[in-house]
Amino acid sequence: MFQVALGTNPICVAAPSQQEGDDFLLDMATCVMGIRKVGTVLLVACNLSESVRNEKLAAAPYYIEMERRKGLDIPEGWAVDSEGLPTTDATKALKGSMLPLGGTEELASYRGFGLGMMVEVFCGILSGSLYGPHIRNYARHETTGPTDLGQCFVALDPGFFEPGFTSRLTDLMNHYRSLEPVNENNNYNS
């Protein structure tokens, strides 16, 4: 019988750069695409204004619930149905599970699974909260039992490790920003 192993298990990392307001921020799920309860869209937004949040939602066309509402398929490799079989049907995906980052074994989904497990260890096991199969499933409207979700926050002083952290981070981000796009139709580099 198919069983869901991990949730979206988000990771968030922030690091200061030399230029105020140009810090490194990463907020992501460890699965292919984040989802929440049916009828909502997952957008984990730390301290974002409503206009920025709405802008990000408008720029994210492939959220599963939105695709279900539009009657559209989701990309292959994002989800499995309630039997654990690959699906592009958004309705079936909402009754099944998201795949870890990578999607399939050929695309290194074990790495996404490993990141998800890391979040479980820090937020569930280390914190003494519910973990893995003991967490109720909000997507399936499970409402019995305690919520008891754990979180883990780690704060490091970069200056303790190496002087010049902020200027080195600024240099790295500027390097990546200066790379030429692979083609004019995208904003990412090879």
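As shown above, the structure is provided for reference.
The structure displayed is predicted, hence computed values, not measured ones.

Remarks on the overall build of the protein chain
In terms of regular secondary structure, the protein chain is built from six helices and five strands. Counting from the amino terminus, helix and strand elements in the protein chain follow one another as β-β-α-α-β-β-α-β-α-α-α. Scored against the burial criterion, the 190 residues of the protein chain give a buried share of 27%. In the protein chain, 44% of the contacts between residues at least 6 apart in sequence involve partners at least 24 apart.

Some words on the sheet that holds strand β5 (residues 97–98)
Reading across the sheet, the three strands line up as β4-β3-β5 and stay open at both edges, with antiparallel pairing between neighbours. One side of each edge strand has no neighbouring strand; the edge strands of this open sheet are β4 (86–87) and β5.

Quick look at the environment of L72
The topology assignment puts L72 in the loop between α2 (64–70) and β3 (79–80). For the pair L72 and T91, spaced 19 residues apart in sequence, the C-alpha separation works out to 9.5 Å. Not counting the four nearest positions on each side in its chain, L72 is found in contact with E67 and A90.

Reading the values: rules and limits
Residues numbered from 1 in each chain as written. Predicted model: local features only at pLDDT ≥ 70, side-chain atom pairs only at ≥ 80, totals over all residues. Heavy atoms only, no water. Helix = DSSP H or I, 4+ residues; strand = E, 2+ residues; numbered from the N terminus. Buried < 20%, exposed > 50% of the residue type's maximum accessible area, 1.4 Å probe, protein only. Contact = heavy atoms within 4.5 Å. Pairing = 2+ DSSP bridges.

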